[in-house]
Amino acid sequence: MRKPRILLLTVLCFLLIGYFATAIVDKRFFKKAVLSESTDVVVEDPTPTPTLTPIPTSTPTPTASPTPKPKNTPTPSPVPQPKISQAEIHALMERFAGQYAVDVNILRHIAVCESGFDPGAVNGPYAGLYQFNSTTWKKNRILMGEDTNPDLRFNAEESIQTTAYLISQGKRYLWPNCYP
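Caption draft 1: Highlighting the environment of Y130. Considering the arrangement of structural elements, one finds Y130 in the loop between β4 (126-127) and α4 (134-144). Residue classification places Y130 among the buried residues on the basis of a relative accessible area of 0%. Note: C-alpha distance between Y130 and T163 (33 residues apart in sequence) is 7.3 Å. Looking at Y130, its side chain comes within polar contact range of the main-chain oxygen of L107, at 3.0 Å.

Caption draft 2: Representation of the pattern of salt bridges in the model. In the structure shown here, the tally under the stated rule is three salt bridges. Between R95 and E157 there is a salt bridge, with the nearest N and O atoms lying 3.3 Å from each other. A residue pair is termed long-range when its members are at least 10 positions apart, and R95 in helix α2 (residues 86-100) and E157 in helix α5 (residues 156-168) qualify at 62 residues. A relative accessible area of 33% places E157 in the partly exposed class. The partner of E158 in a salt bridge is R141, with the nearest N and O atoms 2.5 Å apart. Highlighted residues: E158 in helix α5 and R141 in helix α4, separated in sequence by 17 residues.

Caption draft 3: A look at the confidence of the model for the protein chain. Summarising the model, the protein chain shows a mean pLDDT of 79, and 62% of its residues fall at 70 or more. In this model residues 29-39 is a low-confidence stretch, pLDDT under 50, and it forms 19 contacts with partners more than four residues away in sequence or in other chains.

Caption draft 4: A look at the state of the cysteines. With the rule as written, the count across this model stands at one disulfide. In this model, C113 is linked to C178 through a disulfide, with the two sulfur atoms separated by 1.9 Å. Disulfide C113-C178: the torsion about the S-S bond is -65°, which places it as left-handed. Placement of C113 in helix α3 (residues 104-115) and of C178 in the segment after α5 is noted, with a sequence separation of 65 residues between them.

Caption draft 5: Just the packing of α2 against α5, in detail. Running from amino to carboxyl end, α2 crosses α5 at an angle of 30°, the nearest separation of the two axes being 9 Å. By the angle between their axes, α2 is roughly parallel relative to α5. Here the hand of the crossing between α2 and α5 comes out right-handed. Each of I89, L92, M93, R95, F96 and Y100 in α2 lies in contact with α5, whose residues at this interface are A156, E157, I160, Q161, A164, Y165 and S168.

Caption draft 6: Region of the structure containing the packing of α3 against α5. Running from N to C, α3 and α5 cross one another at 120°; their axes reach a closest spacing of 11 Å. Our classification of the angle between α3 and α5 gives oblique. Of the two elements, α3 crosses α5, and the hand of that crossing is right-handed. Along the contact surface, α3 presents I106, L107 and I110, while α5 presents T163, A164 and I167. In terms of residue class, the contact of α3 with α5 is built from five nonpolar, one polar and no charged.

Caption draft 7: Seen up close, the nonpolar core. Counting residues in each nonpolar core, the largest one holds 27 residues, and the members touching the most others are M93, L107, Y130, I160 and W175. Among the elements of the structure, α2, α3, α4 and α5 are those that each provide at least two residues to this core. If sequence neighbours within four positions are ignored, L107 has contacts with M93, A97, V102, Y130, T163, A164 and I167.

Caption draft 8: Representation of α3 in the model. Look at α3: 17 Å from first C-alpha to last across twelve residues, which is about the 16 Å you get at 1.5 Å a residue. Residues of α3 that are buried: V104, I106, L107, I110, A111 and S115. Seen end-on, α3 carries its buried residues on one side only, within an arc spanning 160°. In the core, the buried residues of α3 are packed alongside α2 and α5.

Reading the values: the criteria
Residues numbered from 1 in each chain as written. Predicted model: local features only at pLDDT ≥ 70, side-chain atom pairs only at ≥ 80, totals over all residues. Heavy atoms only, no water. Helix = DSSP H or I, 4+ residues; strand = E, 2+ residues; numbered from the N terminus. Buried < 20%, exposed > 50% of the residue type's maximum accessible area, 1.4 Å probe, protein only. Polar contact = N/O pair within 3.5 Å; in protein donor to acceptor, adjacent residues only side chain to side chain. Salt bridge = Lys/Arg side-chain N within 4 Å of Asp/Glu carboxyl O. pLDDT = per-residue confidence, 0-100. Contact = heavy atoms within 4.5 Å. Disulfide = S-S within 2.5 Å. Axes fitted to C-alpha atoms, helices over the stretch in contact; angles between N-to-C directions. Parallel < 35°, antiparallel > 145°, perpendicular 65-115°, else oblique. Left-handed = near helix turned anticlockwise from the far one by under 90°. Nonpolar A, V, L, I, M, F, W, Y, C, P; charged D, E, K, R; others polar. Core = buried A, V, L, I, M, F, W, Y, C linked by side-chain atoms within 4.5 Å. Expected span 1.5 Å × (residues − 1). Arc of directions from axis to C-beta.

Given below as structure tokens:
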């Protein structure tokens, strides 16, 4: 009874091996096999089937557009202010230091650092003895109740008074590089 089982298993193994071997060979060598209409014979297709290739389309070449030129921000030019000597500037500093209870030496130090003690100094958008930009000037002059005209930055008396007031209000951060 044992022999027929072994024989049956052996035959079954050969059949399975043959089936898989044929399937592998068919896939590798007869990919283009076609059944003939007149008979059931497998005929290999001798001509390869073309594959579709996408037709290249032309893309428009980008054209260079003119680069806009940056607008120059006008730098303030000193408006003619009354000529004032260094001795007069020192006297104004003494006056406003006393009026706003600030150290006169701080006013002097900032003026030397920011403008070299020149009321007509201009550095980009910053102008005057203490180098205010127009926005800071206007905003703080409103707080003081004074004229907000940015040309007054070049007036030594107005500039010293504004600086003394701002220091008395704790706004020394307006001169981050020059406040001692």
